[in-house]
Amino acid sequence: MLRSPTISLQPTLPQIADNNRLRLFSGSANIPLSQEVARYLGMDLGPMVRKRFADGELYIQIQESIRGCDVYLIQPTCHPVNDHLMELLIMVDACRRASARQITAVIPYYGYARADRKTAGRESITAKLVANLITEAGASRILAMDLHSAQIQGYFDIPFDHVYGSPALINYLANKQLSDLVVVSPDVGGVARARAFAKKLNDAPLAIIDKRRQAHNVAEVMNLIGDVEGKTAVLVDDMIDTGGTISEGARLLRKEGARQVYACATHAVFSPPAIERLSSGIFEEVIVTNTIPVPETDRFKQLTVLSVANVLGETIWRVHEDSSVSSMFR
């Protein structure tokens with residue numbers, strides 16, 4: 001079920017419609033979200049030819065003049081990550097060669113973000129590598145939502161607008177009027193995110209799960225810091241990939257006496273076996289946003305998908321009009 005948050009963000013649509021310097025294009029990763037953003041702004045997505053050669057190479061051509069225009073390219077780098085990243089790079093390059101005045105890469109989900117530092121010898125920092133690729137392709141600005149770690153903004157030497165999907169999640173939870181709420185971080189690294197989330201929910205108490213990761217996509221929950229007995233626990237994370245971390249966290253919360261357990265995340269990566277884990281009955285509800293498209297085959301009865309199109313659309317409008325972006329989240 002796709003729902004829009006209740007935050008009231010409305011641009012001055014006649015200004016957008018009359019401003020022929022603003023152009024909006026979509027990659028193939030999440031066309032429905034791009035169409036929602038375009039509707040919010042009162043405009044159409046720009047025409048573009050997208051083809052694939054027999055050997056898998058991508059071909060992209062912009063089908064209208066964008067000379068001197070401010071171009072916004074919407075493309076999350078979700079599965080298949082390499083194809084969608086390469087498509088974004090080609091789109092940026094095509095716009096640069098078409099003499100666009102400014103090219104903003106709108107990346108609702110920034111892939112390769114988990115390798116943001118070296119934790120062992122001979123590792124690649126892929127978050128920085130991708131930043132270099134996008135910049136060298138010709139992007140003038142980046143607009144991304146809920147990075148895996150905020151430090152990734154510093155990997156870019158061009159302006160970077162970091163926005164959040166939390167308003168959609170918080171408004172949805174607030175409207176449910178859950179009682180005895182406690183916000184839970186599934187690991188120590190997500191404490192700042194969970195604390196900010198809890199503050200917006202009437203300063204709800206905070207709990208932290210201490211876990212130790214034995215390998216990539218494998219998490220072992222160790223213990224809980226905080227009190228959840230008899231309460232409604234809301235697990236908050238930036239993404240759900242295989243669902244191992246958040247599912248093990250939910251089992252620990254149930255064991256510690258939580259009355260209900262909800263899961264909230266901006267990015268529904270949902271790599272196997274995430275669907276089986278999330279739909280196993282340990283969650284009352286799994287709440288995500290549509291930064292990554294969730295196919296019908298991956299939908300289950302506990303899943304709720306909220307739209308962040310108005311947040312992205314409002315941010316695009318404010319960037320284009322040289323207005324404040326950070327004031328949206330105060």
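Our structure's up above, just so we're on the same page.
So, here is what we can say about the structure in this document.

Calculation notes
- Residues numbered from 1 in each chain as written.
- Predicted model: local features only at pLDDT ≥ 70, side-chain atom pairs only at ≥ 80, totals over all residues.
- Heavy atoms only, no water.
- Buried < 20%, exposed > 50% of the residue type's maximum accessible area, 1.4 Å probe, protein only.
- Helix = DSSP H or I, 4+ residues; strand = E, 2+ residues; numbered from the N terminus.
- Pairing = 2+ DSSP bridges.
- 1 Å grid on protein atoms, 1.4 Å probe; cavity = no way out; pocket = protein on both sides within 12 Å on 5 of 7 lines; lining within 4 Å.
- Points joined across faces, edges and corners; volume = space filled by probe spheres on them.
- Nonpolar A, V, L, I, M, F, W, Y, C, P; charged D, E, K, R; others polar.
- Contact = heavy atoms within 4.5 Å.
- Core = buried A, V, L, I, M, F, W, Y, C linked by side-chain atoms within 4.5 Å.

With respect to burial, strand β9 (residues 181-185) is a largely interior element, 5 of its 5 residues being buried. The pairing of β9 with strand β12 (residues 232-240) spans 4 bridges and is parallel. Along β12, the bridge assignment pairs Val-184 with Leu-235.

Attention shifts here to the layout of surface pockets. Considered as a void within the structure, the second largest pocket measures approximately 440 Å³ in volume. The wall of the second largest pocket is formed by 23 residues, among which Cys-78, His-79, Val-81, Val-269 and Ser-271 lie closest to the centre. Residues belonging to the lining of the second largest pocket are distributed by class as follows: 16 nonpolar, 4 polar and 3 charged.

Turning to unusual backbone geometry, a few remarks are in order. Cis peptide bonds are those with omega within 30 degrees of zero, and the linkage from His-79 to Pro-80 qualifies with -10°. By the secondary structure assignment, Pro-80 is in the loop between β5 (70-74) and α3 (81-97). Positive phi, normally seen in glycine, also occurs at Asp-203, with a value near 55°. Assignment of secondary structure puts Asp-203 in the loop between α6 (191-200) and β10 (206-215). Judged by relative accessible area, Asp-203 falls into the exposed class, the value being 58%. One non-glycine residue with positive phi stands out, namely Asp-322, at about 55°.

Gaps left between atoms are located by rolling a probe of water-molecule size over the structure's atoms. Overall, the coordinates contain 1 cavity of 30 Å³ or more when judged by the stated rule. Here the largest cavity is characterised by a volume of approximately 30 Å³. The wall of the largest cavity is formed by Tyr-109, Tyr-110, Ala-113, Met-145, Asp-146, Leu-147, His-148, Asp-238, Met-239 and His-267. Of the residues assigned to the lining of the largest cavity, the class counts are 6 nonpolar, 2 polar and 2 charged.

To continue, consider the side chain of Thr-315. Tracing the sequence through the fold places Thr-315 in helix α9 (residues 309-320). Residues in contact with Thr-315, not counting those within four places in the same chain, are Leu-143, Val-163, Val-325 and Met-328.

Moving on, we come to the nonpolar core. If you look at soluble globular proteins, the nonpolar side chains tend to sit buried side by side. Counting residues in each nonpolar core, the largest one holds 42 residues, and the members touching the most others are Leu-24, Val-37, Phe-197, Leu-312 and Ile-316. No other element matches α9, which puts 6 residues into this core. Other than its neighbours up to four places away in sequence, Val-37 contacts Leu-24, Ile-74, Ala-309, Leu-312, Gly-313 and Ile-316. Counting residues in each nonpolar core, the second largest holds 34 residues, with Ile-66, Val-71, Leu-85 and Phe-156 among its members.

Shape descriptors only; they carry no functional weight alone.
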